[in-house]
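Given next are the chains, with one letter for each unit.
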Amino acid sequence: MADAFYVPRGEGRFSATAHTAGPWSSDSQHFGPPSALLVRALENVEPAHPAELARVTVEILGPAPVAELTVRARIERPGRSVELLQAELASADRVVARASAWRIATSDTAEVATDGGPLMPAPDSVTESPWPEGWQAGYLDAVEWRAVRGGMDVPGPAAVWARQRVPLVDGEEPSGLQRLFAVADSGNGVSNYLDPRQWWFINSELTVHLRRPPSGEWIGLDAVTLVGKHGVGTATSILHDGDGPVATGAQALMVRSRQAGGG
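What counts as what
Residues numbered from 1 in each chain as written. Predicted model: local features only at pLDDT ≥ 70, side-chain atom pairs only at ≥ 80, totals over all residues. Heavy atoms only, no water. Helix = DSSP H or I, 4+ residues; strand = E, 2+ residues; numbered from the N terminus. Rg over C-alpha atoms; globule rule 2.2 N^0.38 Å. Contact = heavy atoms within 4.5 Å. Areas by Shrake-Rupley, 256 points an atom, 1.4 Å probe, with all protein chains shown as cover. Salt bridge = Lys/Arg side-chain N within 4 Å of Asp/Glu carboxyl O. Buried < 20%, exposed > 50% of the residue type's maximum accessible area, 1.4 Å probe, protein only. 1 Å grid on protein atoms, 1.4 Å probe; cavity = no way out; pocket = protein on both sides within 12 Å on 5 of 7 lines; lining within 4 Å. Points joined across faces, edges and corners; volume = space filled by probe spheres on them. Nonpolar A, V, L, I, M, F, W, Y, C, P; charged D, E, K, R; others polar. Pairing = 2+ DSSP bridges.

Structural notes on the overall build of the protein chain
Then, in step 1: In terms of helices and strands, the protein chain carries 4 helices and 13 strands.
Then, in step 2: Relative to the compact-globule value of 18 Å for 263 residues, the protein chain shows a C-alpha radius of gyration of 18 Å, a close match.
Then, in step 3: Sequence-distant contacts, at least 24 apart, represent 65% of the contacts inside the protein chain between residues at least 6 apart.
Then, in step 4: A total of about 12200 Å² of accessible surface is found on the protein chain, and carbon and sulfur atoms cover 51% of it.

What follows is the structure, encoded as structure tokens:
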């Protein structure tokens, strides 16, 4: 197995490795790596002028198998100041995810920039945190997790640092945005308070609003999950790099007893 989430096969095709396998099933990917692969495709859509992604929404249309995937991206709505991009991820003839992104032309706003908020304690000041029993290896072992507050094995809100142990694509150094999206989909897992052996809490989408691209290998998630009375929940995250908050993330959750099934 290649020491990466994906092996490139040319013409937009990528073979997923066992590192992408999610905690619910070894046959389906955790949606962190697919989200990052979609963002990689969006980043590769050449802008006509300097611009940055400001919002990315990943709509999860079905399980992404641990198999070969095809990804493509395009400009949906061009613009001089703001443009809308689209990307699509498919397995054989089945589309498993679509991403939409607003890309905004950059300008100098340093004079009026706001403080991003308090820093999280540095990753080297905290220790590695385990995941709870009942979840499978694969993606979870391909990322290093360090708990700042709470922990993945401690029910409730938590703040953690995460760092990929393997690159997104074999032979490539991940960009800051790829690193962020590889872990942003973990907010519901980081802040879970339900026993994964008894409950599903699966997200149907991921939306991230960005203020700037992150730098460095570590991405911080300060996350909380809230659940309503009718099987619907939300997980929200403040996403950090070593210089402070860079983005906010949100996930819509299907919450259901595993005895009742899922999907």
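Read on for the rest.
Some points on the pattern of salt bridges
Then, in step 1: Enumeration according to the criterion identifies 14 salt bridges in this entry.
Then, in step 2: Across the salt bridge formed by arginine 146 and glutamate 144, the nearest N and O atoms sit 2.8 Å from each other.
Then, in step 3: By relative accessible area, arginine 146 is classed as buried at 18%.
Then, in step 4: According to the relative accessible area criterion, glutamate 144 is buried, its value standing at 8%.
Then, in step 5: One salt-bridge network, held together by shared partners, links Glu144, Arg146, Arg163 and Glu217.

Quick word on empty space enclosed by the protein
Taking a probe equal in size to a water molecule and rolling it over the atoms shows the remaining empty space.
Then, in step 1: Counting across every chain of the model gives 1 cavity of 30 Å³ or more.
Then, in step 2: Computed from the structure, the largest cavity encloses a volume of approximately 30 Å³.
Then, in step 3: Around the largest cavity, the lining residues are Asn188, Asn192, Tyr193, Leu194, Phe201, Thr225 and Val227.
Then, in step 4: Split by residue class, the lining of the largest cavity holds 4 nonpolar, 3 polar and no charged.

Here we look at the side chain of threonine 225
Then, in step 1: The residue threonine 225 is located in strand β11 (residues 219–227) in this model.
Then, in step 2: Excluding residues that lie within four positions of it along the chain, threonine 225 makes contacts with Gly187, Asn188, Ser191, Asn192, Tyr193, Thr234, Ala235 and Leu253.

Re the pairing of strand β1 (residues 6–10)
Then, in step 1: Note: β1 against strand β2 (residues 13–16), 4 bridges, orientation antiparallel. Pairing of glycine 10 across the sheet is with arginine 13, part of β2.
Then, in step 2: Hairpin geometry of β1 and β2 is characterised by an intervening segment of 2 residues between the two adjacent antiparallel strands and by a positive phi of about 55 degrees at glutamate 11.

Description of helix α3 (residues 176–184)
Then, in step 1: By the criterion of burial, α3 is predominantly enclosed, with 8 of the 9 residues buried.
Then, in step 2: Listed in full, the buried residues belonging to α3 are Leu177, Gln178, Arg179, Leu180, Phe181, Ala182, Val183 and Ala184.

Topic: the environment of aspartate 93
Then, in step 1: Positionally, aspartate 93 belongs in the loop between β5 (82–91) and β6 (94–105).
Then, in step 2: Given the relative accessible area of 83%, aspartate 93 is considered exposed.

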